[in-house]
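Descriptive structure summary
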Amino acid sequence: MKKIVVLGATGSIGTQALAVIKENSTDYEVTKISVGYNIKLLLDILNDFPSINEVALLDDKRIAELQDHYPDINFYLGSKGIIQLLDNGNYDLCLNAIVGFAGLLPSIKVIQSNKTLALANKETMVVAGKQINRLLEQHSQAKVIPVDSEHCAIFQCLASNEIESVKRLVISASGGSFRDKSLEELANVSIEDALNHPNWQMGAAITIDSATMLNKGLEVIEAHWLFGIDYDQIEVVIHRESIVHSMVEYSDSSMIAQLSQPDMKQPIAYALAYPKRAKFSDSSLDLTKIVNLTFEPVDFKRFKGLALAYQAGRQGHSYPCVLNASKEIATQAFLAEKIKFIDIVEYVEKALKAHRVIENPSLEQLVAIDSATRKYVTDLINKEIVDGNN
Ligand code: MN3
């Protein structure tokens, strides 16, 4: 029985992970979770999973009442609480499904504890890939199993092959909600349009990131650090059907692809079961119903967010941290109807241009760069609203 921690348990990946764990309750037991402010869903989860005995939550107004109500559960507060939750090391695998930069320190804690990290928080590798890889060298029993569907696919395509023989990684992109819109048409799209993703059911922020292709940009950087492959050997293709989740080409020009339904439960189940194969049968592909699998090149003018991400990745050092923080703030501003969709990428570009590089940033420096970038973009957005530019 694997003891599982689910960080970000009430989010999209978190709830799907709990569903996978429930379906496989003879193999897994969830003992610790972290949640944000969704107390209603937390109560449902505690009801469904009596095995949970430790909970970290962000909502400081509810913690006393919850502790009274559940005397057998230990509750911890805030982002420090997540680290406390992981402190006693009493678990086998931690699924980190926290969204954004906030997931970085918990990832580090899991690796320092020599545990398996099922990583759905791509920001961990984007912002601190170099530092994470160094930590993995120092903690030989720690492992990272990617949960992002593309990286889970590449991880599987790399199995039993030499990494030296890789010619290129080909990352699939659905193209997001606006893949068929021209630059002109993008000028006035609404939040509702942006949230209407053609293939995947995901959280709001990542659905917007998918439409700007900044999500794909983060995934390129994530792949670079996860697999140690140069940016020149990482390619993105638009694959509308979201069936081929990514591919690896080898030195003999042979390509290996991973195919499955666009269902995040598949990579979650893979990561939980690794190195075994999960039992997850209700999602088989019916090949007779797949009419077409199409692949198209990416137009980098149309998807400037992806071009910026490649640039930030190649520049390295503190740039990916700035890319991510500016993206998080600009995306929130769009969701709060403060800026237009097309402005998201503009704010990211402004933040990258204004940034003065910090070489080989320490963890403390990354935290400071993240906060400074958030403040810079927030101030810039507020100033431009006052000036009437939006
Ligand atoms: Mn993905």
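Keep in mind it's a predicted model, so treat the numbers as computed, not measured. (Residues numbered from 1 in each chain as written. Predicted model: local features only at pLDDT ≥ 70, side-chain atom pairs only at ≥ 80, totals over all residues. Heavy atoms only, no water.)

**Considering the overall build of the protein chain**
The following threshold applies: Elements are defined by DSSP. Helices are runs of H or I of four residues or more, strands are runs of E of two residues or more, and each kind is numbered from the N terminus. Here the globule rule reads 2.2 Å times residues to the power 0.38, and the radius of gyration is calculated from C-alpha atoms. The classification of residues rests on relative accessible area computed with a 1.4 Å probe and restricted to protein chains. Under 20% of the type maximum is buried, over 50% is exposed, and intermediate values are partly exposed. The contact rule is simple, with two residues in contact once any of their heavy atoms fall within 4.5 Å.
Within the protein chain one finds 16 helices and twelve strands. By the compact-globule yardstick of 21 Å for 390 residues, the protein chain fits well, its C-alpha radius of gyration being 21 Å. Here the C-alpha coordinates of the protein chain stretch approximately 55 × 55 × 40 Å along the principal axes. Taken over 390 residues, the protein chain has a buried fraction of 54%. The contacts of the protein chain with a sequence gap of at least 6 include a subset with a gap of at least 24, amounting to 68%.

**Some points on the sheet that holds strand S8 (residues 166–173)**
Our working definition: Two strands are counted as paired when DSSP detects at least two bridges linking them.
The sheet built from five strands is open, its strands ordered S11-S10-S8-S9-S12 with mixed pairing. Two strands bound the open sheet, and with one partner strand each, they are strand S11 (255–259) and strand S12 (296–297). Where S8 and strand S10 (residues 244–250) come together, five bridges link them in antiparallel fashion. In the strand pairing of S10, Val-166 is matched with Tyr-250.

**Structural notes on the nonpolar core**
Heads up, the condition is: Only buried residues count toward a nonpolar core, which is a set of Ala, Val, Leu, Ile, Met, Phe, Trp, Tyr and Cys residues joined through side-chain atoms within 4.5 Å.
Judged by nonpolar contacts, the single largest core of 123 residues is most densely connected at Val-6, Ile-33, Leu-169, Leu-323 and Phe-341. Considering each element in turn, this core owes the most residues, eight residues, to helix H14 (residues 319–335).

**Observations regarding a nonpolar patch on the surface**
Definition in use: Each patch is built from residues lacking any salt bridge and having more than 30% relative accessible area; the joining distance is 9 Å for like charges and 5 Å for nonpolar side chains (Val, Leu, Ile, Met, Phe, Trp, Tyr). The protein chains shown are the only cover counted for residues, whose accessible areas, like all others here, come from Shrake-Rupley with a 1.4 Å probe. We define a salt bridge as a contact between a side-chain nitrogen of Lys or Arg and a carboxyl oxygen of Asp or Glu at a distance within 4 Å.
Where nonpolar side chains cluster on the molecular surface, the patch consists of Leu-259, Leu-293 and Phe-295 and spans about 240 Å² of accessible area. Owing to a relative accessible area of 39%, Phe-295 belongs among the partly exposed residues under this scheme.

**What about the coordination of the manganese ion?**
Stated precisely, the cut-off is as follows: Only N, O and S atoms count as donors, using a 2.8 Å limit from the metal and a wider 3.2 Å limit for Na, K and Ca, and since water is excluded some coordination spheres may look unfilled.
Around the manganese ion, the protein contributes the donor atoms Asp-148 (OD), Glu-150 (OE) and Glu-219 (OE), which lie 2.1 to 2.2 Å from the metal centre. Each donor residue of the manganese ion belongs to the same chain, and together they define the spacing D-x1-E-x68-E. Taken as a pair, Asp-148 in the loop between strand S7 (143–146) and helix H7 (149–158) and Glu-219 in helix H11 (residues 214–227) lie far apart in primary sequence, 71 residues in all. On the basis of relative accessibility, which here comes to 10%, the residue Asp-148 falls in the buried class. We classify Glu-219 as buried; its relative accessible area is 1%.

**Observations regarding helix H1 (residues 12–23)**
The condition that has to hold: Expected helix span is computed as 1.5 Å times (number of residues minus one).
An ideal rise of 1.5 Å per residue puts 16 Å on twelve residues; H1 measures up with 17 Å between its terminal C-alpha atoms. For H1, the set of buried residues is Ile-13, Gly-14, Gln-16, Ala-17, Leu-18, Val-20 and Ile-21. Tucked inside the fold, the buried residues of H1 contact strand S1 (2–7), strand S2 (28–35), helix H2 (39–48), strand S5 (93–96) and helix H12 (265–273).

**Comments concerning the pairing of strand S4 (residues 74–77)**
We count it as follows: Note on handedness: a clockwise path from strand one over the helix to strand two, with the strands aimed away from the viewer, defines a right-handed crossover.
Relative to S4, strand S3 (residues 54–57) runs parallel, the two being bridged by four bridges. If you follow Glu-54 over to S4, its bridge partner there is Asn-74. Handedness of the S3-helix H3 (residues 63–69)-S4 crossover: right-handed.

**Thoughts on the sheet that holds S3**
Paired through their backbone hydrogen bonds, the strands of a sheet run either parallel or antiparallel. Threshold: With axes taken as lines fitted to C-alpha atoms, and helix axes fitted only over the stretch in contact, angles between N-to-C directions fall between 0 and 180 degrees.
Pairing within the open sheet is parallel, and its seven strands lie in the order S4-S3-S2-S1-S5-S6-S7. Looking at which strands have only one partner, the edges of the open sheet turn out to be S4 and S7. Geometrically, the sheet is characterised by an average inter-axis angle of 20° between neighbouring strands, direction not taken into account. Both strand S6 (residues 116–119) and S7 contribute to a ladder of four bridges, which runs parallel. Bridge pairing in S7 places Ala-118 opposite Ile-145.

**Some points on the pairing of S6**
Along S6, one buried face is formed by Thr-116 and Ala-118 and the opposite face, lined by Leu-117 and Leu-119, is buried too. Summarising the sheet, S5 and S6 pair through four bridges and their orientation is parallel. Paired with Leu-95 across the strands is Ala-118, a residue of S6. In this fold, the crossover linking S5 to S6 by way of helix H5 (residues 104–112) has right-handed handedness. For the segment spanning S6, helix H6 (residues 123–138) and S7, crossover handedness is right-handed.

**Considerations on the packing of helix H4 (residues 78–87) against H5**
Helix-helix packing: each pair is described by the crossing angle between the helix axes and the interaxial distance. Quick reminder of the rule: Throughout this description, any angle smaller than 35 degrees is read as roughly parallel, any larger than 145 degrees as roughly antiparallel, any in the 65 to 115 degree range as roughly perpendicular, and the remainder as oblique. Should the near helix be turned anticlockwise from the far one by less than a right angle, the crossing is left-handed, and should it be turned clockwise, the crossing is right-handed. Think of it as three bins: nonpolar holds Ala, Val, Leu, Ile, Met, Phe, Trp, Tyr, Cys and Pro, charged holds Asp, Glu, Lys and Arg, and polar takes everything else, Gly as well.
At a minimum axis distance of 10 Å, the contact between H4 and H5 shows a crossing angle of 15°. Classified by the angle their axes make, H4 and H5 are roughly parallel. Once H4 is placed against H5, the crossing between them reads as right-handed. In this structure, H4 uses Ile-82, Ile-83, Leu-86 and Asp-87 to contact H5, whose residues at the interface are Leu-105, Pro-106, Lys-109 and Val-110. Tallied by class, residues from the contact of H4 with H5 come to six nonpolar, no polar and two charged.

**Re the environment of Glu-29**
Residue position: Glu-29 is located in strand S2. Considering only alpha carbons, one finds Glu-29 and Gly-316, 287 residues apart in sequence, at a separation of 39 Å. In this structure, Glu-29 is in contact with Met-1, Lys-2, Lys-3, Ile-4 and Ser-51, ignoring residues within four places of it in sequence.

**So, the environment of Ala-118**
The residue Ala-118 is located in strand S6 in this model. We classify Ala-118 as buried; its relative accessible area is 0%. The sequence separation of Ala-118 and Lys-61 amounts to 57 residues, and the corresponding C-alpha distance is 30 Å.

**Some points on the pattern of salt bridges**
In this structure the tally under the stated criterion is 26 salt bridges. The salt bridge partner of Glu-150 is Lys-216, with a shortest N-O separation of 2.8 Å. One end of the pair, Glu-150, is in helix H7; the other, Lys-216, is in helix H11, and 66 residues separate them in sequence. The exposure class of Lys-216 is buried, given its relative accessible area of 7%. Residues participating in the shared-partner salt-bridge network are Lys-122, Asp-148, Glu-150, Lys-216 and Glu-219.

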